[in-house]
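# Examination of the molecular architecture
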Amino acid sequence: MKKKPLCLLLLAGLLPTLAAAQALDFLHWWTAGSEAQTLAELRRSALAAGVHWRESPVAGAGNANTLLKTRFLSGNPPALAQLDKAVSVWGEVVPLADLNPVAEAQHWGQVLPPEIAEELKFRGKVAAVPINVHRLNSLWSNRALLQRHGLAVPRSWPEFFAVADRLQAAGVLPLAIGGSPGQKLSVFANVVLGQGGADFFQRALVQRDASLLAGPQMLAMLRDFKRVKRYTDAGQVGRDWSVATALLIQGRAAMQFTGDWANGEFQKAGLVAGRDFDCSPAPGHGGEGAAGLHYFEFDRILFFQPLNARQADEQRRLAAALMQREASTRFARIKGGIPVRRDAELDGFNACARQSFADFRSGRRVLALSAQLPEASYGAIRDVVSAFWASDKMTAEQAQARLLKAARVKD
Amino acid sequence: MTTTTSAALASPRWQRYRERPELLLLPSLALGLIFFYGFMLWTGWLSLTRSSLLPSDEFVGLLQYQRLFADERWLQALANLARFAGLFIAIPLALGLGLAILLDQKIRGEGGLRLIYLHPMALSLIVTGTVWRWLLDPELGLAQGLRQLGFAGFRLDWLADEEMALYTLVIAAVWQITGFVMAVFLAGLRAVDDAVLQAARLDGASGFTLYRRIVLPTLGPSLFSALLVLLPAAIKSFDLVVALTDGGPGQASELPALYMFQMAFERSRLGLGAASAMVMLMMVLSIALPYAYARARRGAAA
C-alpha cells in the first residue's frame, strides 16, 4: 500500500527527463542584457525551423562548463552548448555531431573565412555553428581629449608611447584598463602583433617556436608590454572592462585596448563613432589606406552527438536556420561585433563595426589565442603575462624564461 | 501526542534501535563514508591519472605531482600560504586573548561588547571579502574618503601592490575570526576555578602575575581548540581570496585552494587540480593526525 505513491513520484520525476531527452537542450550562459536578447533571437529561429527547443541557462561561463562536464559524467548531456574553448577540446573527450551535410549544402567553406570554417571542424566533421565575430585588437580613444592636447590616434607603438607620455605629462590618464588577466593578455597580443606581425605571432605563440620565444625580439616585446603599465592607474584592480570604457566616455582616460564589446557602451552613452570616439586597429596593426589586421574571436554553439535520427535531423535543421544570412546578421547586430558571413549586409551597424567588417573581409585575419591553443597552454601563458604585468620585481628576462616554460605546458 | 510518541518508541520496531543504537548512526556513517572518504579516495586516484577536461583512467604515476611542484604558480601559492597562515594564526590569538582578558574584568555592558566583537563571525567570508575590497579600493573606499577630507595626496594601493595584497587578506581574515578566538579564550578564562584564584590571591598574587602564573597555564585546551580551527581554516581559505583579491595582482596573493579550483574546474587540468587537493589534504592531516594520536594515547592512559 505504502509503496505506490513512491513509485508514482519516481515516475513523475522521470517523465520530464524523458521529454527533455527528445528536445534539443541548449546549455548557455547568455543570461543578461544583449546576450539575453540574442538568445531570444536564437529561440525564434529555432522555433521557426520546427525544432523542439529547450534552454538550460547557467550564470557564468565557469559554472556552465562545470555543469556541462557533470552532465556528460552523469549520462544526461545536452544536445547543444555555448562554447568558449577550441572545438577540439571537447572533441577529444566526447562524441560530437556531424553537420557536414548542412555545411556543404549552404557552402560554409565559401561564405565563412577559412580560419572560422576550419575551427568549426573536429577530425573533418563540422560540429559547431558560428554566431558572431568579436574584434579584439581595437584601440578605443576619446577624440576630444586627444584633440585638446593636440594629439592624433597613435598608429605605431613608438607613437603610442609618445602620445601616452604627452598625456601623462598633462595630467591625463593615458590608458584605461580592467583588472582581469585577459585584459593584460590582450595588450600583450596587441604588442606582439603590432611589432612582429601576424606570422611572427603565429610562429611564436601558437606553434610555440622556442627560438622565437627565447629570442631578442620577444624580449623587446615583453619590455614594451611592461612599459604600457606605466600609463595605467592603480584603480585597475577588480575593475570591469566596461568601467574602464566608462572612464573614456567621461573623459577621465584617453585610450583603451579592448574587444569590440566596448562599441555598445559608447553607443549606449549616446556617443558617435568618428565624432566623439575613435576605434582604430591597435598600433602597428595597419588600417591606414590598406586593410588592417583583424585579431578576433567568435561566439559559437557546439553540437554534440544526437541521441537518435530525429534529433540528428533537428540539429541539422537548426544549424541551417542559424547560418541563414539574415538570421546570422541579426544575431551580430544584437549581440555586438560583426556577422560571421562574408556576404552579410551591414545595414544598422555603426562606423566601427563597418571598419571591422571591412578589415575582416580583406585584411589579415588572426584567430584569438584562446581558440588556437590547448586550454592548459593558453592558461599558462596568460598566467605569465598577468604575473609579469603585476610584478615590479620580475625582470623581462625572467618573464621570458617563464614564458618559454609555459609554452611547453601540455594537458 | 506525547502518548503516541512514547507508544511508538516502545513498539518492537523502535526497541531494536534502543538495543542497538549504532543502527541509528548507520545512515549518516554510510553517507559520510561515501561522500567524504569515497571522494577523497577518488581524488587521490584522479591525481595519478592524465585526467584533463573529464576524468580519465590513464595511469601516469606521480607525473601530476611533478608538474605541480615544477609550477611556479603553485610554489608561490605555498609560500603565500606560509606567510598568510603565520599571521592569520598569531594575530587573532594575541588579539583574541587580549580582548578576552579585558572582557573578563567583570565590566559593565560585557554582553553588548561581546556581541560586537563576535559579529563579524556571522558574515560569510564572501561578504567580508567584498566589503573589504570596497573599503580598500584605490579609487573609491577609504582612500577616497580621506582624500575628500582634505588629504589630497593620500593613496592606499595595497590591492594593486604585489607585496601588500596578501596582507589585505590577513586584515580581513583577522577582522572576521578574532571574535571567535576571543569567545574561546573567554570561555577558558571563565572555567578557571574561583577557589584556585582565591588561593592565589591569598598567596599574594595579583594583576599581571595572577594571569601569567595561574590563569594562562590553564588556557592550554582553549589555545588548542583555537589552533585546531585556525590552521585548517588557513589552509582551505578560498572564498575570501576570490572575493577580495582574486589572487591578484597577477598571482601575488594566490593561496593553494584557489589554485586547485582554477586548475580543476576552469582550466581542464583535473589531474593537476586533484594532485594539489591531495597535497592540501596532507597538510591538514599533518595537523589533525598528531592531535588524534595524542588524544587516543591520553584516552588509553586514562
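Structure: above.
Let us look at the structure shown here. This one's a predicted model, so the numbers in the text were calculated from it and none came from an experiment.

## Quick look at the overall build of chain A
- Scanning chain A for helices and strands turns up 20 helices and twelve strands.
- In summary, chain A has a C-alpha radius of gyration of 23 Å against a globular reference of 22 Å for 411 residues, a match within 12%.
- Its C-alpha atoms put chain A at 85 × 45 × 45 Å along the principal axes.
- Expressed as a percentage of the 411 residues in chain A, the buried residues total 56%.
- In chain A, 75% of the contacts between residues at least 6 apart in sequence involve partners at least 24 apart.
- Within chain A, one finds 49 positive and 37 negative side-chain charges whose respective centroids are separated by 5 Å.

## A word on the sheet that holds strand E10 (residues 277-281) of chain A
Residue and element names in this part refer to chain A.
- Spatially, four strands are ordered E8-E9-E7-E10 in an open sheet, and the strand pairing comes out mixed. Here the strands that pair on one side only, and so sit at the sheet edges, are strand E8 (173-176) and E10. Neighbouring strand axes in the sheet, compared pairwise and without regard to direction, differ in orientation by 20° on average.
- Of the strand pairs in this sheet, strand E7 (residues 138-142) and E10 are connected by five bridges, and their pairing is antiparallel. Residue Trp140 lies in a different strand from E10, and its bridge partner there is Cys279.
- Docked against the sheet, helix H14 (residues 261-268) engages E7, strand E9 (253-258) and E10, running at close to 20° with respect to E7.

## Quick notes on the environment of Ile235(B)
Residues and elements named next belong to chain B.
- You can see Ile235 is positioned in helix H12 (residues 220-235).
- Classification of Ile235 as buried rests on a relative accessible area of 7%.
- Placed 49 residues apart in sequence, Ile235 and Val284 show a C-alpha to C-alpha distance of 7.3 Å.
- Leaving out residues up to four positions away in the same chain, Ile235 has contacts with Leu81, Ala257, Met280, Met283, Val284 and Ile287.

## Points about the packing of helix H5 (residues 72-103) of chain B against helix H14 (residues 256-266) of chain B
All names here are of chain B.
- In contact at an axis separation of 8 Å, H5 and H14 are set at 150° when each is read in the N-to-C sense. One finds that H5 runs roughly antiparallel with respect to H14. Residue-level inspection shows Arg73, Trp74, Ala77, Leu78 and Leu81 of H5 in contact with H14, the latter providing Pro256, Tyr259, Gln262 and Met263.
- Taken together, the residues of the contact of H5 with H14 sort by class into seven nonpolar, one polar and one charged.

## Details of the pattern of salt bridges
- The tally for this structure, following the rule as stated, stands at 38 salt bridges over all chains.
- Here the residues in one salt-bridge network are Asp383(A), Arg73(B), Glu254(B) and Arg267(B), joined through shared partners.

## A few points about the state of the cysteines
All names here are of chain A.
- Summed over all chains, the structure comprises one disulfide over all chains.
- Here Cys279 connects covalently by a disulfide to Cys352, the sulfurs 2.0 Å from one another. Linking Cys279 and Cys352, the disulfide has an S-S dihedral of approximately -105° and is accordingly described as left-handed. With Cys279 in strand E10 and Cys352 in helix H17 (residues 351-362), this pair connects stretches of sequence that are 73 residues apart.

## Overview of H5(B)
- The end-to-end C-alpha distance of H5(B), which contains 32 residues, comes to 46 Å, matching closely the 46 Å that a straight helix rising 1.5 Å per residue would cover.
- Where H5(B) begins, the side chain of Asp71(B) points an oxygen toward the backbone nitrogen of Arg73(B), at a separation of 2.9 Å.

## A look at helix H16 (residues 325-335) of chain A
All names here are of chain A.
- Residues Ala327, Ser328, Thr329, Phe331, Ala332 and Lys335 constitute the buried set of H16.
- Close packing links the buried residues of H16 with helix H2 (33-48), strand E6 (128-135), strand E11 (294-303) and helix H15 (309-322).
- With its phi angle positive at about 100°, Gly336 sits one or two positions after the end of H16.

## Digging into the interface of chain A and chain B
- Tallying the contact residues gives 30 residues for chain A and 26 residues for chain B.
- Contact between chain A and chain B buries roughly 2,400 Å² in total, counting both sides, with carbon and sulfur atoms accounting for 52%.
- Taken as a group, Lys69(A), Val237(A) and Asp411(A) account for 24% of the area that chain A buries against chain B, more than any other trio of residues on that side.
- Here Arg267(B) ties to Asp383(A) by a salt bridge, and the two come within 2.8 Å at their closest N and O atoms.
- At the boundary of chain A and chain B, one finds 14 residue pairs in polar contact (both at pLDDT 80 or more).
- Among the elements of the structure, helix H3 (61-73), helix H4 (87-91), helix H19 (375-390) and helix H20 (396-407) of chain A are those that each provide at least two residues to the side of chain A that touches chain B.
- With nine residues, H19(A) is the single largest residue contributor to the side of chain A that touches chain B.
- Classifying every residue of the side of chain A that touches chain B gives twelve nonpolar, five polar and 13 charged.

Rules and cut-offs
Residues numbered from 1 in each chain as written. Chains lettered and ligands numbered in written order. Predicted model: local features only at pLDDT ≥ 70, side-chain atom pairs only at ≥ 80, totals over all residues. Heavy atoms only, no water. Helix = DSSP H or I, 4+ residues; strand = E, 2+ residues; numbered from the N terminus. Rg over C-alpha atoms; globule rule 2.2 N^0.38 Å. Buried < 20%, exposed > 50% of the residue type's maximum accessible area, 1.4 Å probe, protein only. Contact = heavy atoms within 4.5 Å. Lys, Arg positive; Asp, Glu negative; His and termini not counted. Charge placed at Lys NZ, Arg CZ, Asp CG, Glu CD. Pairing = 2+ DSSP bridges. Axes fitted to C-alpha atoms, helices over the stretch in contact; angles between N-to-C directions. Parallel < 35°, antiparallel > 145°, perpendicular 65-115°, else oblique. Nonpolar A, V, L, I, M, F, W, Y, C, P; charged D, E, K, R; others polar. Salt bridge = Lys/Arg side-chain N within 4 Å of Asp/Glu carboxyl O. Disulfide = S-S within 2.5 Å. Expected span 1.5 Å × (residues − 1). Polar contact = N/O pair within 3.5 Å; in protein donor to acceptor, adjacent residues only side chain to side chain. Buried area = accessible area lost by both parts, 1.4 Å probe.

Any functional reading would require information beyond the geometric quantities listed.
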